[in-house]
Amino acid sequence: MKIRIKGNSLRLRLSQGDIAHLQLHQQVEDRIQFGPGLELVYGVEISGFATAIEAKMEDQRIRVIVPGEMAFTWCTTDLVGLENRQFISLEAGSLSILIEKDFQCLMPRAGENESDLFPNPNNQSMNL
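For clarity, every value in this text was computed on a predicted model and none was experimentally measured.

What follows covers the pattern of salt bridges. Applying the stated rule across the entire model yields eight salt bridges. A salt bridge links aspartate 102 to lysine 2; the nearest nitrogen and oxygen atoms lie 3.0 Å apart. With aspartate 102 in the segment after β8 (93–101) and lysine 2 in strand β1 (residues 2–6), this residue pair connects regions lying 100 residues apart in the sequence. Looking at aspartate 102, the relative accessible area reads 3%, which means it is buried. Residues glutamate 100 and arginine 13 are paired through a salt bridge, measuring 3.4 Å at the closest nitrogen-oxygen approach. Linking glutamate 100 in strand β8 with arginine 13 in strand β2 (residues 9–14), this pair joins segments that are 87 residues apart in sequence.

Right, dumping it as structure tokens:
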């Protein structure tokens, strides 16, 4: 899983393995280590009680919660992404949340293993 944070936007990209894990366990997460005892954990959770995609941050953990039916549709179809704008406050505005399937790059990059990523729909060699 990849995370991108820019301003008030949060974007997560999930591989095929991430999505399979999400379906099986109702959650998937990853982490980045900053030093001993210093890490940021981030992930996606499926909830039967949620009515919209929302993000929460608690104890150095970013949780993106997705309603069950929405998650099922995304995981089992060609739908690429899910998004929502979560109101924060009048001062901060809203948080843009985007969850996407992670596609292979059109131009391979040295040192990158993309075998678990989704085939890129724009790859002309695959469309022949």
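Quick look at the sheet that holds strand β4 (residues 38–47) now. Read from one edge to the other, the open sheet built from four strands follows the order β3-β4-β6-β5, with strand pairing classed as mixed. The sheet is open, and its two edges are formed by β3 (27–35) and β5 (54–58), each paired on a single side. Here the average twist between neighbouring strands, direction ignored, is 15°. With five bridges connecting them, β5 and strand β6 (residues 61–67) associate as antiparallel partners. Across the sheet, the residue bridging to glutamate 58 is arginine 61, located in β6. The strands touched by helix α1 (residues 16–25) are β3 and β4; relative to β3, the strand with the most contacts, the crossing angle is about 120°. Contacts from helix α2 (residues 68–76) reach β4 and β6, with the element oriented near 90° to β6.

Criteria and cut-off values
- Residues numbered from 1 in each chain as written.
- Predicted model: local features only at pLDDT ≥ 70, side-chain atom pairs only at ≥ 80, totals over all residues.
- Heavy atoms only, no water.
- Salt bridge = Lys/Arg side-chain N within 4 Å of Asp/Glu carboxyl O.
- Helix = DSSP H or I, 4+ residues; strand = E, 2+ residues; numbered from the N terminus.
- Buried < 20%, exposed > 50% of the residue type's maximum accessible area, 1.4 Å probe, protein only.
- Pairing = 2+ DSSP bridges.
- Axes fitted to C-alpha atoms, helices over the stretch in contact; angles between N-to-C directions.
- Contact = heavy atoms within 4.5 Å.

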